[in-house]
Amino acid sequence: MSLRVHHSVHTLAATLLAATLSAQSPTWIRKDVRGDGGGPNAGAFDAARERLVMFWDGTWEWDGVAWTRRISATEPPPRGGAMLAYDAARRVVVMFGGGFLQPFGDTWEWDGVDWVNRTAATSPPAGGGYGMTYDPVRQRTLLVTYTSATWEWDGATWTQRAPASSPPPRGGFALAWDEGRQRAVLFGGSDAFQTVFFADTWEWDGNNWSAGPAGPSGRTFCGMAYDSQRGRIVLQGGMAGPFQATSETWEYDGLQWTLQPGAQQPPAVWAPLLAYDRARQEMVMFRGQRSSLGFFAETWVRRCANGCSGTTWTRRLDETSPLGVFGAGLAFDRARGHFVLFGGSDVNTEYDETWTWNGLRWSLQTPAVHPSARVYPAMSFDAARGETVMFGGTTLGAFDAETWTWSNGQWAQRTPAVAPPARTAAAMVYDDARAETVLFGGIGSNARLDDTWIWDGTTWAQRTPPQSPPARGIHAMAFDAVRSRTVLFGGAGIGLGRSDTWEWDGAAWLQRIAATTPPGRIAHAMAFDPATSRVLMFGGEDGSGIATYGDTWAWNGVDWQAITMAPQPQARSDAAMATDTGRGQVMLFGGFDWGLLAPLDPMWLFTGRPAATATAYGSPCPPGSPTLAAYGVPTPSCERFGIDVTGAGVNAVGIVGVAVTPASVPVLGCTLHIGPPIGYLLVATNGDGFGAVTTGVPSDPVLLGAALYAQGFALDPTASSGGVRFSNGLRLLVGE
C-alpha cells in the first residue's frame, strides 16, 4: 500500500529558497533512467513491499509504474545471471551466485533497506544462470544447478538433497513454484554446447523429481513464473535454436502446456526477467537478449482480461528514455536549453529516433520528416543560427553525405551546392569565436580522411591549411571556449589508436606536444567543461578491440592531466558527449562495453553540482522499531522519490517528521534524530508492516545542495519507550 502525499514536502521550497549550491569539485554523477541489466536476468517479487526486485549492476525495483535504482549501504558486486527468490517466511529476497568476469558463489539477502552477505559453511558451486525458486510449504529456497544437483537454503545453511531421480544435466532451464499444486516446475534447457534443446517438464514435490508432460518445442533461457490469478505457470520467450529467439507465451496447468495466442507480443528474446506482480495482478517481463550481442530494455505487462477468457501483453513506457545505444549523435541546443540525441545502434538495429533531455527527463520527438536511421553521425549546435547540424554517418553499412539541421522540433535536409564527400565517424564542433562549424576527417568509402570543412549555415567550404592532422576516423574534438581553439585527440590511423593532440585556430592546424599524454585510443568522447575551463575526455578503446578505457582526462591548453575520482563511469567506447552550457555540466550518454559485449544504458553527468544522496543514520528504538529508507534519490522534480517504512505495525498509521536540521536528543530512553519538524507525512502500513510515502522534490534549482532530515514515529502501547516507537534518521541531500 502506498500513500501519495502532495502537501508538506512540496511546501518546503519556501523554507529552503535560501539554500545555495554546495561548493565542491566537479565529479561524475550517474543518472539512471531505467532498469538496466545483462541476461540471463532474474528477479523476485517482494510481496511484503509490493515491488519486483532485480539485481545486476545494482539494485532495481519495479513498483508498477517505473524502475527505480535503490542505493544501500552495502551492495553486492555487479553481476549477471544471479538467481533471486523471495523468502516469504523471512520476508527477504535471497540472491545466489551469478557471474561477470568471474563466477560468484556467495549468498545475499535484501530486506528492502540493505543487503547482508550470508556466509555459509557449505554452498552450491559458484556460477550463474541456475534455477531458483521459493518453496513456501517447507519454507526453503530451492536451487538447481547445471548438473541437476538440488540444494535448499533455510536462511542459515545450504543443504544438498539426494533425490532418487533427477532431471538430466542441463543449463538454461526455467524453474518456478506452482502454488496451486505445491510443487516446483522445471522446463527445458540445453546441453553445454547448445546442440540439444530439451522439451521436457519435471516436478519437485519436496522429496523427489518426477517427469511431467512434454511441453513446447525444445528451448533454453525462457522466462517462467506462476500467475496466481489464473493458477497457471507462464513461460515466455527463450532460445529455440542457436541464437534463435522466440516471442511465444505458453501456460501450464499441471496437465498440459498450451500456446497462448495474442495480437501483441513482446519482442522475441531469450533470458528475459519474468515475475508475477501479486499486488497489481500482472505478469511483468523486462529485458532480454535478441542476438549474440544485442539486448532490449523494454518493460511489458500481461494482465487477465474479459473475465480471464484471454490475456494481452502491453508495453509500459516506464521512465521513457532512449535505449542504450552506441555511435549516436549528441548536441546541446543552447537556444532551447536541452540536449538533442539522434540515431545510434544497439547492435541489432540502427535507430532514427530523435530525443531531447531538458535536464530532468527525456522526451521522444516525432517530426514528420527526419533523417534515416544511422550510426556515427557528426553533430554539433550552431549557436549563431540557433540550430543543430548533423552530417554523414553510416546507414546499413553505406556512408552518408547528407546535411540536416534541427530546430523548433523539426528536421530539415539541407542541399548545399558544395558538401564534403560521404563519410562516417567524423568529428564536428561549433567554433564560437568564428561563428562557424568545423568538421574534420572521418572514414570514407575508400580510405580515412584528413580534410577540414567549414559550415556557415548555408554551405560547406573546404579549407586547405599548410598542414593537417594525419588521416583518421573515430576520433574526437571539442571547442575550448576559453582559448578559442578546436582541440582534436586520437582516432584510428594505421595500427592502434593515435595519441596525438592538435588544435585548429580557424586558419591552421598546430600539433601540440604535451609532457603527459593519454594512451592512444579511438571511439572516445570529448567536450568542454565550463566548470574547470578545460577540455574533458573520457573512455574509448585502444584500437585493437582488447582494451577499453574508463579514464577521465583534462586538457588545459598545455598538458593533459588524468582525473581520478569515484564514482566514475564504467569503461566504454563509442559514447556520445556534449556540454550543457546553461547548467555548466557535461553529459556522457550510452556507449559500448567490450567486457559485456553490449551497449550501455546509464547516463552520466560531469558536474560541480552536488550529487543527490539519501543516507540513514542512527538506529530504531527500541529494537524492532520501524526503519526508514529512501526510494530513489532526491533530485529536483523527481516524481519517483519516496520514503519506505519497514518493520512497522500491521495495518497501522504513523507519521514521518521532516526537518531542516539533525539532532541527537534523548527522549523516553531513545533518540530524537531530527530538529524541529517543518512538516509531517502520514504513512499507512499493509499486512506485512510495510508503508511508503511517494512524494516529489520541488523543481526549483535553488534547492540543490539543501539537506532535509526525516524520522518516523508510531504509537505502540507495548513499547518500553513511553508507548512510542522511534525510527532511525534519514538525511536527504537534494542534488543531481
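Located above this text is the structure these notes cover.
What counts as what
- Residues numbered from 1 in each chain as written.
- Predicted model: local features only at pLDDT ≥ 70, side-chain atom pairs only at ≥ 80, totals over all residues.
- Heavy atoms only, no water.
- Helix = DSSP H or I, 4+ residues; strand = E, 2+ residues; numbered from the N terminus.
- Buried < 20%, exposed > 50% of the residue type's maximum accessible area, 1.4 Å probe, protein only.
- Patch = residues over 30% accessible without salt bridge, like charges linked within 9 Å, V, L, I, M, F, W, Y side chains within 5 Å.
- Areas by Shrake-Rupley, 256 points an atom, 1.4 Å probe, with all protein chains shown as cover.
- Salt bridge = Lys/Arg side-chain N within 4 Å of Asp/Glu carboxyl O.
- Disulfide = S-S within 2.5 Å.
- Pairing = 2+ DSSP bridges.
- Axes fitted to C-alpha atoms, helices over the stretch in contact; angles between N-to-C directions.
- Phe/Tyr/Trp six-rings, centres within 6.5 Å; stacked < 30°, edge-to-face > 60°.
- Lys NZ or Arg CZ within 6 Å of the ring centre and 35° of its normal.
- Core = buried A, V, L, I, M, F, W, Y, C linked by side-chain atoms within 4.5 Å.

Here the focus is the environment of Arg534. Take Arg534: it is sitting in strand E48 (residues 534-541). Relative accessible area serves as the criterion here: at 18%, Arg534 is assigned to the buried category. When the C-alpha atoms of Arg534 and Ser190 are compared, they prove to be 54 Å apart, with 344 residues separating the residues in sequence.

With that settled, consider a nonpolar patch on the surface. Where nonpolar side chains cluster on the molecular surface, the patch consists of Val653, Ile655, Tyr680 and Leu682 and spans about 360 Å² of accessible area. When residues of the nonpolar patch are traced back to their parent elements, those giving at least two are strand E59 (653-659) and strand E62 (679-684). Along the chain, Tyr680 turns up in strand E62.

The next thing to look at is the state of the cysteines. Summed over the entire model, instances satisfying the criterion amount to one disulfide. Covalent S-S linkage joins Cys621 and Cys670, the inter-sulfur distance amounting to 2.0 Å. Measuring the twist about the S-S bond at about -70°, one finds the Cys621-Cys670 disulfide to be left-handed. Of the two residues, Cys621 sits in the loop between strand E56 (613-617) and strand E57 (627-631) while Cys670 sits in strand E61 (residues 670-674), which places them 49 residues apart along the sequence.

Turning next to the sheet that holds E59. Pairing is antiparallel across the open sheet formed by five strands, whose spatial order is E56-E65-E64-E59-E62. Each edge of the sheet is formed by a strand with only one pairing partner; in this case those strands are E56 and E62. The mean angle between the axes of side-by-side strands here comes to 25°, regardless of whether they run parallel or antiparallel. Across five bridges, E56 lies against strand E65 (residues 724-733) in antiparallel orientation. If you follow Ala614 over to E65, its bridge partner there is Leu732.

Mapped onto the fold, Phe193 is located in the loop between strand E16 (183-187) and strand E17 (201-204). Phe193 sits in the exposed class, given a relative accessible area of 73%. Residues Phe193 and Thr159, 34 residues apart in the sequence, show an inter-C-alpha distance of 29 Å.

All told, the structure shown has 29 aromatic pairs when counted by the stated rule. With a centroid separation of 5.4 Å and 45° between ring planes, the pair formed by Trp504 and Trp509 is classed as tilted. Trp509 gets classed as buried once you look at its relative accessible area, which sits at 2%. Across from the ring centre of Phe104, 3.9 Å away, lies the NZ or CZ of Arg79, which sits over that ring.

The next subject is the sheet that holds strand E11 (residues 131-135). Across the sheet, which stays open at both edges, the four strands sit in the order E11-E12-E13-E14 with antiparallel pairing between neighbours. The two strands at the open ends of the sheet, each matched to only one other strand, are E11 and strand E14 (158-161). The average angle at which neighbouring strand axes cross in this sheet is 25°, direction not considered. The sheet contact formed by E11 and strand E12 (residues 140-144) spans five bridges and is antiparallel.

Take the nonpolar core next. Judged by nonpolar contacts, the single largest core of 18 residues is most densely connected at Leu628, Ile643, Val645, Val656, Leu681, Ala710 and Leu730. At the level of secondary structure, the elements contributing two or more residues to this core comprise E57, strand E58 (641-646), E59, E62, strand E64 (707-715) and E65. The element best represented in this core is E58, accounting for three residues. Trp355, Trp357, Ala576 and Leu605 belong to the second-largest nonpolar core, a separate cluster that totals 17 residues.

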